[in-house]
Amino acid sequence: MFPNSFGYVAANSVDEALRLLTKYGDDAKLLAGGHSLIPAMKLRLASPRYLVDLGQVPSLRGVRIDGVTLVIGALTVHADVQSSEIVRERLPGLTEAASVIGDVQVRNRGTIGGSVAHADPGADFPVILTALNASFAAVSPSGSRTIPVDDFFVDFYTTALTPNEVLTEIRVPLPSSGTGTAYHKMAHPASGYVVVSAGALVVRDPSGRCASARVAIGGLASGPLRATAAETALQGQPLTAEVISAAALKAADEGSPEDDSYASADYKCHIATVLARRAIESAVGRAK
Ligand SMILES: Cc1cc2nc3c(=O)[nH]c(=O)nc-3n(C[C@H](O)[C@H](O)[C@H](O)COP(=O)(O)OP(=O)(O)OC[C@H]3O[C@@H](n4cnc5c(N)ncnc54)[C@H](O)[C@@H]3O)c2cc1C
């Protein structure tokens with residue numbers, strides 16, 4: 001399959017990318033790792049007349065700490081998130097999510113910014129970043145803004161980003177002591193994409209009760225879903241196996257999955273409760 005013909009321009013800076021997006025308007029698309037956009041172009045699901053490549057903008061790549069926030073450049077490839085010591089130490093749930101994306105090739109070309117901007121309902125990062133209460137820094141010709149994760153994912157393949165915005169950073173609050181994070185996934189055996197997945201962040205207070213929790217589920221809706229009923233069931237409770245199991249049974253309450261060629265809606269809801277229990281248990285085990 002071949003894409004329609006297109007022009008290619010490499011930007012050397014975010015400012016240049018913004019100038020090119022303004023110049024070409026709706027005819028242009030940003031290119032990061034190309035692992036979602038190029039297949040879509042080959043299938044003629046997308047036919048931009050110009051690709052504006054961000055690959056030569058080094059300032060968009062890397063993982064660093066800024067005060068109490070982990071900052072990941074939008075162009076950071078999945079493998080660099082996976083191998084980051086800072087991430088492994090402070091946010092192991094994020095390491096787990098990066099580790100199960102596609103295969104080695106995908107993880108070395110695909111970028112975290114491309115993954116969240118593409119907003120595939122079967123993607124891993126949107127789910128764990130929802131559990132981690134991340135936010136997204138973006139710039140456009142009219143200025144910069146930060147979008148909270150709960151407002152970012154709008155629908156299938158649709159985010160709050162406007163066509164003339166460049167996503168520059170993914171910002172994740174660094175957890176305080178007593179916090180654990182985890183991510184569990186059932187992958188489609190052929191594609192590796194999410195059938196169902198669960199991410200959890202649990203804060204344990206000194207008495208062993210749940211001070212707060214965020215639980216996110218993938219595969220049950222057009223994007224990542226907050227499992228608020230499960231979160232409420234954990235809040236203020238002792239983090240025993242019984243409490244965790246009862247909370248996890250509510251993990252699919254907000255879901256609206258559909259049957260597809262791989263799994264029925266009922267099966268996906270059941271798997272969501274199983275993966276939510278495992279993710280919450282892992283997070284609690286790490287909440288030191
Ligand atoms: C075989 C295969 C298996 C895969 N398996 C998985 C999996 O198991 N889990 C998973 O989560 N993903 C999976 N993926 C998807 C992979 O993670 C993609 O790399 C990722 O979704 C897109 O990142 P990218 O850098 O390749 O983006 P691109 O394909 O370059 O871009 C994707 C979209 O994001 C936009 N975009 C990119 N960067 C920015 C930016 N900085 N600002 C604004 N818009 C931007 C582009 O314009 C485009 O619309 C798989 C892909 C393949 C090919």
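None of these values were measured; they are calculated from a predicted model. (Residues numbered from 1 in each chain as written. Predicted model: local features only at pLDDT ≥ 70, side-chain atom pairs only at ≥ 80, totals over all residues. Heavy atoms only, no water.)

Engineer: What is the right way to look at the pairing of strand 4 (residues 63–66) in this model?
Structural biologist: The pairing of strand 4 with strand 5 (residues 69–73) spans four bridges and is antiparallel. Its bridge partner being in strand 5, D66 is matched across the sheet by T69. Between strand 4 and strand 5, which pair antiparallel one after the other, the connecting turn spans two residues, and G67 there sits at a positive phi close to 65 degrees. (Pairing = 2+ DSSP bridges. Helix = DSSP H or I, 4+ residues; strand = E, 2+ residues; numbered from the N terminus.)

Engineer: For this particular structure, what's the right way to read a nonpolar patch on the surface?
Structural biologist: On the surface, M1, L43 and L45 cluster together to form a nonpolar patch covering roughly 390 Å² of accessible area. Mapping L43 onto the fold places it in the loop between helix 2 (37–42) and strand 3 (50–53). (Patch = residues over 30% accessible without salt bridge, like charges linked within 9 Å, V, L, I, M, F, W, Y side chains within 5 Å. Areas by Shrake-Rupley, 256 points an atom, 1.4 Å probe, with all protein chains shown as cover. Salt bridge = Lys/Arg side-chain N within 4 Å of Asp/Glu carboxyl O.)

Engineer: Which parts of the structure should I look at to understand the site of the ligand?
Structural biologist: Taken together, 31 residues lie around the ligand, and L30, G34, L37, T111 and D124 are the ones closest in. In this structure, K29 approaches the ligand through a side-chain N or O atom, which is 3.3 Å from an oxygen atom. Looking at the shell around the ligand, the elements with two or more residues in it are strand 2 (28–31), helix 7 (112–118) and strand 10 (166–173). When residues of the shell around the ligand are assigned to their parent elements, the largest contribution, four residues, is made by helix 7. (Near = heavy atom within 4 Å. Polar contact = N/O pair within 3.5 Å; in protein donor to acceptor, adjacent residues only side chain to side chain.)

Engineer: Would you mind going over the nonpolar core with me for this structure?
Structural biologist: The nonpolar side chains of a soluble globular protein tend to be buried, and buried together. Counting residues in hydrophobic clusters, the biggest one holds 36 residues, and the most contacted among them are L94, F125, L129, F136 and I170. Those elements that place two or more of their residues in this core are strand 5, helix 5 (92–99), helix 7, helix 8 (125–131), strand 6 (135–140), helix 9 (149–152), strand 10 and strand 12 (194–204). Looking at this core, the element that brings in the most residues is helix 8, giving five residues. Of all hydrophobic cores here, the second largest spans 31 residues; its members include A182, L234, A276 and A283. (Core = buried A, V, L, I, M, F, W, Y, C linked by side-chain atoms within 4.5 Å. Buried < 20%, exposed > 50% of the residue type's maximum accessible area, 1.4 Å probe, protein only.)

Engineer: Looking at this structure, I do not really get the sheet that holds strand 7 (residues 143–148). What am I missing?
Structural biologist: Across the sheet, which stays open at both edges, the five strands sit in the order 4-5-10-6-7 with antiparallel pairing between neighbours. Every interior strand has two partners, whereas the edge strands, strand 4 and strand 7, have only one. Within this sheet the neighbouring strands show an average axis-to-axis angle of 25 degrees, counted without direction. As judged from the five bridges shared by strand 6 and strand 10, these two strands associate in the antiparallel manner. Looking at strand 10, one finds that F136 is bridged to I170. Relative to the sheet, helix 1 (residues 14–24) contacts strand 6 and strand 10, its axis offset from that of strand 10 by approximately 130 degrees. (Axes fitted to C-alpha atoms, helices over the stretch in contact; angles between N-to-C directions. Contact = heavy atoms within 4.5 Å.)

Engineer: Which parts of the structure should I look at to understand the pairing of strand 6?
Structural biologist: As a general feature of sheets, a regular strand has side chains that alternate between the two faces. The element strand 6 is largely enclosed, with a buried count of six among its six residues. Burial along strand 6 is two-sided: the face carrying S135, A137 and V139 and the face carrying F136, A138 and S140 are both buried. Adjacent in sequence and paired antiparallel, strand 6 and strand 7 are bridged by two residues.

Engineer: Just to check I follow, could you spell out the sheet that holds strand 12 for this structure?
Structural biologist: Strand-to-strand pairing in sheets goes through backbone hydrogen bonds, with the strands running parallel or antiparallel. Here four strands make up an open sheet; going across it, the order is 11-12-13-14 and the pairing antiparallel. The open sheet has two free edges, formed respectively by strand 11 (179–187) and strand 14 (225–226), since each of these has just one partner strand. One ladder, built from nine bridges, connects strand 11 with strand 12; its direction is antiparallel. Opposite G180, over in strand 12, you have V202 as the bridge partner. In the packing of helix 12 (residues 265–286) onto the sheet, the strands contacted are strand 11, strand 12 and strand 13 (210–218), and the crossing angle to strand 11 comes to about 150 degrees.

Engineer: What's the story with helix 11 (residues 241–248) in this structure? I'm lost.
Structural biologist: Structurally, the α-helix is built with 3.6 residues per turn, so residues lying three or four positions apart point the same way. Burial in helix 11 covers these residues: V243, I244, A247 and A248. Seen along its axis, helix 11 keeps its buried residues to an arc of 130 degrees; they face one direction. (Arc of directions from axis to C-beta.)

Engineer: Hey, could you run me through the side chain of K268 in this one?
Structural biologist: Its place among the elements puts K268 in helix 12. Apart from residues no more than four positions distant in its own chain, K268 is found in contact with V196, G219, L220, P257, E258, D260 and A263.

Engineer: Sorry, what's going on with the packing of aromatic side chains here?
Structural biologist: Aromatic rings considered in pairs are described by the distance between their centres and by the relative angle of their planes. On inspection of all chains with the given rule, the structure shows four aromatic pairs. Relative to Y50, the ring of Y24 has its centre 3.8 Å away and its plane inclined at 15 degrees; by these criteria the two rings are stacked. Separated by 26 residues along the polypeptide, Y24 in helix 1 and Y50 in strand 3 bring together distant segments of the chain. Relative accessible area serves as the criterion here: at 18%, Y24 is assigned to the buried category. Here the aromatic residues F136, F152 and F153 are joined through ring pairs into a cluster of three or more. (Phe/Tyr/Trp six-rings, centres within 6.5 Å; stacked < 30°, edge-to-face > 60°.)

Engineer: Hey, could you run me through the side chain of S115 in this one?
Structural biologist: For S115, the location among the structural elements is in helix 7. Contact partners of S115, with chain neighbours within four places excluded, come to H78, A123, F125 and P126.

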